[in-house]
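Observations on the model geometry
Residue-level listing of the chains:
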Amino acid sequence: MKNWVDQMLSHPLGILIGYFSVAILGLIVFLYLFELVAKYNCWNEISRGNVAASLATGGKIFAIGNVLRYSIEAKTSIYDTMKWAFFGFVLLFAAYLLFEFLTPVFSVDEEIRNDNRAVGIISLLISVSLSYVIGACIY
């Protein structure tokens, strides 16, 4: 099986399909795991028009995509890309938990559920900025 995948990845179209598949799968899995630990349902809140939830979720989507971008640009194998994506996600997840822990005055998840846009923007910026730091370490 691995030889077939490696052969497919030797063609530019195969590379595109491979990395695109890894990116979509990573987004689905990572967003699902974020959804499990959040004290609100991201997609329900977004459908209600909750801008803070949209900002926080958008930041996570961008951050995951940005980490994947850096791992692809490193010209490693698709297997290494998946490994870097996993490690990058673990770091983003740790940052999410630290953000909640380091703000003892209020609950980040509760504020996002209440559409506190200031908290949503900070959540977005933390995710995005840390994705650049993680990405820079991949090179």
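Residues numbered from 1 in each chain as written. Predicted model: local features only at pLDDT ≥ 70, side-chain atom pairs only at ≥ 80, totals over all residues. Heavy atoms only, no water.

Quick note on the threshold: UniProt positions are given in the numbering used here, feature names are shortened, and annotations may be inferred rather than shown by experiment.
In the nomenclature of an unreviewed UniProt entry, the protein chain corresponds to UPF0719 transmembrane protein YshE from the organism Paenibacillus cookii. The heading Sequence similarities (unreviewed entry) in the UniProt record of the protein chain holds the text "Belongs to the UPF0719 family." According to UniProt, the comment filed for the protein chain under the heading Subcellular location (unreviewed entry) is "Cell membrane".

Observations regarding the environment of Ser123
Selection rule: Only DSSP runs of H or I reaching four residues or more are called helices, and only runs of E reaching two or more are called strands; each is numbered from the N terminus. Buried means the residue's accessible area, taken with a 1.4 Å probe over protein chains only, is under 20% of the maximum for its type, while exposed means over 50%, and partly exposed covers the values in between. The contact criterion used throughout is that any non-hydrogen atoms of two residues lie within 4.5 Å.
Of note, Ser123 is situated in helix α7 (residues 117–138). In this structure Ser123 comes out as buried when scored by relative accessible area, which is 5%. Put simply, Ser123 and Ala95 are 28 residues apart on the chain and 9.9 Å apart in space, counted from C-alpha to C-alpha. Setting aside its immediate chain neighbours within four residues, Ser123 contacts Ala56, Phe99 and Ile112.

Overview of the packing of helix α4 (residues 51–73) against α7
To keep it simple, the criterion reads: Whenever a helix is involved, its axis is fitted only over the stretch in contact; in every case the axis is a line through C-alpha atoms, and angles between N-to-C directions fall within 0 to 180 degrees. Every angle not falling under 35 degrees, over 145, or within 65 to 115 is termed oblique; those three ranges are roughly parallel, roughly antiparallel and roughly perpendicular. Throughout, the ten residues Ala, Val, Leu, Ile, Met, Phe, Trp, Tyr, Cys and Pro are labelled nonpolar, Asp, Glu, Lys and Arg are labelled charged, and all others, Gly among them, are labelled polar.
Two numbers describe how α4 lies on α7: the axes approach to 8 Å, and their chain directions differ by 5°. One element, α4, and the other, α7, form an angle in the roughly parallel class. A per-class count over the contact of α4 with α7 returns 15 nonpolar, 8 polar and 2 charged.

Quick notes on the nonpolar core
Note that soluble globular proteins tend to have their nonpolar side chains buried in a common cluster. This is how the line gets drawn: Here, nonpolar core refers to any group of buried Ala, Val, Leu, Ile, Met, Phe, Trp, Tyr and Cys residues whose side-chain atoms link them within 4.5 Å.
In terms of nonpolar packing, the biggest core is built from 31 residues, with Phe34, Tyr40, Ile64, Leu68, Leu92 and Ile112 touching the most fellow members. Considering each element in turn, this core owes the most residues, 8 residues, to α4. In this structure Leu68 touches Val22, Ala23, Thr81 and Ala85, once residues within four positions along its chain are discounted.

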